[in-house]
Amino acid sequence: MNSKQINILLTGAGGYIGSRLVETILKKTAYKIVVIDPMYFGNYFPKSKRIKIINFDIRDITTKNFPSNIDYVIDLAAISNDPSGEKFKKSTFEINFKGRLNIARLASLNNVKHYIMPSSSSIYGRIPNNKIADENFIANPLSNYSKANLKAENAIKKIKSDMKITFLRFGTIFGYSKRMRMDLVLNAMVHSSVNFSILPLMRDGSQRRPLLHIQDACNAIIFMILFKNKNLIDKQIFNVGSSKFSNYKILDLAKKVIKITNKKTKILWYGDPDKRSYFINFSKIEKIGFKAKYNAEYGIKEMTKHLKNFKIEDRNITLKWYENINFILNNFKK
């Protein structure tokens, strides 16, 4: 690396992925980090002189307050998950779509080298059981959350500038973070099995889902920052995961949890059959050298250790916490 100090802007860094990403960047690089986040969930960052926090909502960032001398932008800020997107539709499209587009445009005007947007494989919606979606598969978003992500991707890729743009479609994230989320499928399964010998499972268990360990998500972001041939990843979408172990049927996943955590655990079925069902092809990102490392078994064992006697608070359930800050989400200065 040359002598010039590298500066990374992370929006939404106070969240579940962002908190672990900050730790990973501090550990693996000498970069300085500028965080744009209202920090609604609290501050879980390690103490470091390399972190600067700007308490702002991305909807309020303008040319006047966009940080200077930024080399890379990782745009994590978003209303997360489908239930929150349905409850807060207006805010979801304002933040996940318009807010991200705003950050990307400002980045291009401020000579940022590379803009990276973590997106979601939920964009694929429901696909036939005999199909596996690659990046060219026709998107079929079923929720406001995934629709807003797709609109952001489509709008941002049209920005005309020298700035490189990359989209990373993550599967359902799992694994431990200091800013823990307990409304993600594998995290919730492990916690309930370990502590209550019950495993809540949305009907009917046949739904297919790609999963991605949180550390692999962080590693994929850093991989793109360090990738030398930027033209190869410019205006490109990459599904992130492993061809060997990222695709799971939900019932099979539940059986793994029970086997590893607590063989006395009983499945508790709930809800209507889940319409979201998709397996993902990861060959594109693997061909350029990225390899995911952490499978579901690893995550189950990791969380078994961390989640024993873990007391779930409102801030660990995304929708509950958004409901607590309802006024903030729906009332802001333009």
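In what follows, the accompanying structure is described. (Residues numbered from 1 in each chain as written. Predicted model: local features only at pLDDT ≥ 70, side-chain atom pairs only at ≥ 80, totals over all residues. Heavy atoms only, no water.)

## Focus: the sheet that holds strand S9 (residues 208-213)
Rules: Paired strands, in this sense, are two strands between which DSSP finds at least two bridges. Strands are runs of DSSP state E lasting at least 2 residues, helices are runs of H or I lasting at least 4, and numbering of each runs from the N terminus. Interaxial angles span 0 to 180 degrees and are taken between N-to-C directions of axes, which are lines fitted to C-alpha atoms, for helices over the stretch in contact. Any two residues whose heavy atoms approach within 4.5 Å at even a single point are treated as in contact.
Read from one edge of the open sheet, three strands run S7-S9-S11, paired in mixed fashion. The strands lining the two open edges of the sheet, one partner per strand, are strand S7 (172-174) and strand S11 (247-249). Each strand axis lies, on average, 45 degrees off the axis of its neighbour in the sheet, ignoring direction. Bridging between S7 and S9 involves three bridges; their strand directions are parallel. Its bridge partner being in S9, phenylalanine 174 is matched across the sheet by histidine 213. Along the sheet, helix H6 (residues 214-226) makes contact with S7 and S9, crossing S9 at roughly 70 degrees.

## Points about the pairing of strand S8 (residues 198-202)
Note the following rule: Buried residues are those whose accessible area, probed at 1.4 Å on protein chains only, stays under 20% of the maximum for their type, while exposed residues exceed 50% and partly exposed ones sit between those limits.
Burial along S8 is one-sided: Leu199 and Leu201 are buried, while Ile198, Pro200 and Met202, pointing the other way, are not. Note: S8 against strand S12 (residues 266-270), five bridges, orientation parallel. Following the sheet pairing, leucine 201 is matched in S12 by tryptophan 269.

## Brief notes about the sheet that holds strand S5 (residues 114-120)
Strand order in the open sheet made by the seven strands is S3-S2-S1-S4-S5-S6-S10, with parallel pairing throughout. Lying at the two open borders of the sheet, with one neighbouring strand each, are strand S3 (51-54) and strand S10 (236-240). The average angle at which neighbouring strand axes cross in this sheet is 20 degrees, direction not considered. Note that strand S1 (residues 7-11) and strand S4 (residues 72-75) share four bridges and pair parallel. Counted as the bridge partner of leucine 9 is valine 73 from S4. Each of S5, strand S6 (164-170) and S10 is contacted by helix H4 (residues 144-156), which is oriented at about 155 degrees to S5, the strand it contacts most. Contacts between H6 and the sheet are confined to S1, S4, S5, S6 and S10, with S6 contributing the most and set at about 165 degrees to the helix.

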